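# Geometric and topological summary
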Amino acid sequence: MALKLRRLSYALGAEVCDIDVSKPMGEAQFGEIYRAFLQYGILLFRNQDITREEHIDFSRRFGELDRHDSLPRDRRADHPELLMVTNEPNADGTPSDTRYTGRQWHSDMSFTTVPSLGSLLRCFAVPEVGGDTLFANMDAAYDALSDGMKKLIAGLHGIQLSGTRKIANEESGVVRAAEQRRLNPPVAQPIVRVHPETGRKALYIGEKVKRFDGMTEEESKPLIDYLVRHATRPDFVYRHQWRKDDILAWDNRCTMHQALGDFDETQLRHMERTTILGTPSGYVVANG
Ligand SMILES: O=C(O)CCC(=O)C(=O)O
């Protein structure tokens, strides 16, 4: 049966309707899903009241899963393939380490030399209002640049840092950021990347990029800021309003995203993410 798709926005994204991802799925049906994933950059599956194992099994159809060794504090002890994004306090009452995950424009695992192919985020609980996530189409953002700008950025590499969360000022956040940086030395990634499956060029920028390799921060910042601003123009962005049991799958090779803090922090927001391993890219820099 042909896949029933509903577009989410002009910029990117489609909902796959009337599907239960925990049910057995043949190669042909998954092939259709994967083609839609490549075409739309984001796929939404609603009403997926499934187990953690089923989330993991479905994610494995997209590729080999990351066990999150570069983010050991954030993974579930019982399922290392699942990364927590939650404001639920720890058992001892201390605040969750992952409550501010994703509060800056980024593409998953860009700070490693094996950036992610894609991620599947499952929503367990959302606040009454807000807690939305923004996604930007980085193919469209690249295409819209002038030829002059495309030429200027063609050979540039951006140095991506881990542990750069905007809100990490209390002690646990500072300790966490230091650990992250120890585990993940700075990595330079091309500012323009070619999608290994679609062949399309995409901007590979975000708020984890500190400077361009071979340039100072002061020299780099205006262009980094411009490129992030350009890529996140409303024309290129989809804003997702979560419902419980949504699963959103995104292609990290041609999108970036940001979790918003537009909600009452006393209400529970709980997400769990699988991360699909991508192909090697970039190089470690000694003087990040
Ligand atoms: O919680 C969200 O909405 C997004 C989390 C995020 O940025 C991530 O998992 O990479």
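Residues numbered from 1 in each chain as written. Predicted model: local features only at pLDDT ≥ 70, side-chain atom pairs only at ≥ 80, totals over all residues. Heavy atoms only, no water.

### Quick look at the overall build of the chain
Across its full length, the chain holds six helices and 16 strands. Taking 2.2 N^0.38 as the reference for a compact globule, 288 residues should give roughly 19 Å; the C-alpha atoms of the chain span a radius of gyration of 18 Å, in line with that estimate. If one aligns the C-alpha atoms of the chain with their principal axes, the spans along those axes are about 50 × 50 × 35 Å. Looking at the chain residue by residue over its 288 residues, the buried ones come to 56%. For the chain, the proportion of contacts with a sequence separation of at least 24, taken over those separated by at least 6, is 81%. Accessible surface for the chain amounts to roughly 13100 Å². Of this, 52% is attributable to carbon and sulfur atoms. (Helix = DSSP H or I, 4+ residues; strand = E, 2+ residues; numbered from the N terminus. Rg over C-alpha atoms; globule rule 2.2 N^0.38 Å. Buried < 20%, exposed > 50% of the residue type's maximum accessible area, 1.4 Å probe, protein only. Contact = heavy atoms within 4.5 Å. Areas by Shrake-Rupley, 256 points an atom, 1.4 Å probe, with all protein chains shown as cover.)

### Examining the environment of S22
Within the secondary structure, S22 sits in the loop between β2 (14–17) and α1 (27–40). Overall, the relative accessible area of 27% leaves S22 in the partly exposed class. There is a polar contact of 2.6 Å between the side chain of S22 and the side chain of D20. (Polar contact = N/O pair within 3.5 Å; in protein donor to acceptor, adjacent residues only side chain to side chain.)

### Points about the site of the ligand
Close to the ligand lie V85, G102, H106, D108, L121, T133, H257, A259, R269 and R273. Between R273 and the ligand, the recorded distance is 2.7 Å, taken from a side-chain N or O atom to an oxygen atom. Contact with the protein chains covers 100% of the free accessible surface of the ligand, which is 290 Å². (Near = heavy atom within 4 Å.)

### Remarks on the sheet that holds strand β7 (residues 157–160)
The pairing of strands in a sheet happens through backbone hydrogen bonds and is either parallel or antiparallel. Read across the sheet, four strands follow the order β11-β7-β8-β16 without closing on themselves; strand pairing throughout is antiparallel. Taken across any chain shown, the strands that pair with only one partner, and hence form the sheet edges, are β11 (209–212) and β16 (283–284). As paired strands, β7 and β11 are joined by three bridges and run antiparallel to one another. Paired with I159 across the bridge in β11 is R211. (Pairing = 2+ DSSP bridges.)

Spatial relationships are all this shows, so hold off on functional conclusions.
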